[in-house]
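Coordinates in review
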Amino acid sequence: QVQLQESGGGLVQAGGSLRLSCVGSGRTWSNSAMGWFRQAPGKEREFVAISGWTGSDVTSYTDSVKGRFTISRDVAKNTVYLQMNSLKPGDAAVYYCAARNSIDAATSTSAYDYWGQGTQVTVSS
């Protein structure tokens, strides 16, 4: 079964760090662009970070997390990570990893073919 599975969420205080992991199974993911999205209560799911594949890794981040979050991939392990530092209350959300059948990354949720179930990140002030 093709599946993405997130882990690493939890409760942290503002200024703390978390590292989210997403493991893909059921197929090879080496030629799939992958990304992280988040959804806070009552809000639309939004782009956080993406990692494409155009011969080499290409990454992009939404403005609010630049300099604080880092997306990375271990292709051999079919795993994508999101290192989150200096967390703020505004970062609290359910975080989802996603993948698409393309090497080109995209920021729209509609562009992605596979989604994990999400992992909760809570940031207290």
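Scroll up for the structure.
Residues numbered from 1 in each chain as written. Predicted model: local features only at pLDDT ≥ 70, side-chain atom pairs only at ≥ 80, totals over all residues. Heavy atoms only, no water.

**Focus: the overall build of the protein**
- From N to C terminus, the protein includes 0 helices and 11 strands.
- When the elements of the protein are put in sequence order from the N terminus, they spell out β-β-β-β-β-β-β-β-β-β-β.
- Against the compact-globule benchmark of 14 Å for 125 residues, the protein has a radius of gyration of 13 Å, which places it among compact chains.
- Taking the principal axes of its C-alpha atoms as reference, the protein extends roughly 40 × 30 × 25 Å.
- For the protein, the residues scored as buried account for 41% of the 125 residues in total. (Helix = DSSP H or I, 4+ residues; strand = E, 2+ residues; numbered from the N terminus. Rg over C-alpha atoms; globule rule 2.2 N^0.38 Å. Buried < 20%, exposed > 50% of the residue type's maximum accessible area, 1.4 Å probe, protein only.)

**Regarding the packing of aromatic side chains**
- Using the criterion set out here, one finds 5 aromatic pairs in the structure.
- Centre to centre, the rings of phenylalanine 37 and phenylalanine 47 are 6.4 Å apart; their planes meet at 65°, and the pair counts as edge-to-face. Linking phenylalanine 37 in strand β4 (residues 33–39) with phenylalanine 47 in strand β5 (residues 46–53), this pair joins segments that are 10 residues apart in sequence.
- By relative accessible area, phenylalanine 47 is classed as buried at 13%. (Phe/Tyr/Trp six-rings, centres within 6.5 Å; stacked < 30°, edge-to-face > 60°.)

**Quick notes on the pattern of salt bridges**
- This model, assessed by the stated rule, comprises 4 salt bridges.
- As a salt-bridge pair, aspartate 91 and arginine 38 come within 3.0 Å of each other at their nearest N and O atoms. Taken together, the residues aspartate 91 in the loop between β8 (79–84) and β9 (93–100) and arginine 38 in strand β4 connect sequence positions 53 residues apart.
- Here aspartate 91 falls in the buried class, since its relative accessible area comes to 2%.
- Here aspartate 91 and arginine 68 are joined by a salt bridge, their closest N and O atoms 2.8 Å apart. (Salt bridge = Lys/Arg side-chain N within 4 Å of Asp/Glu carboxyl O.)

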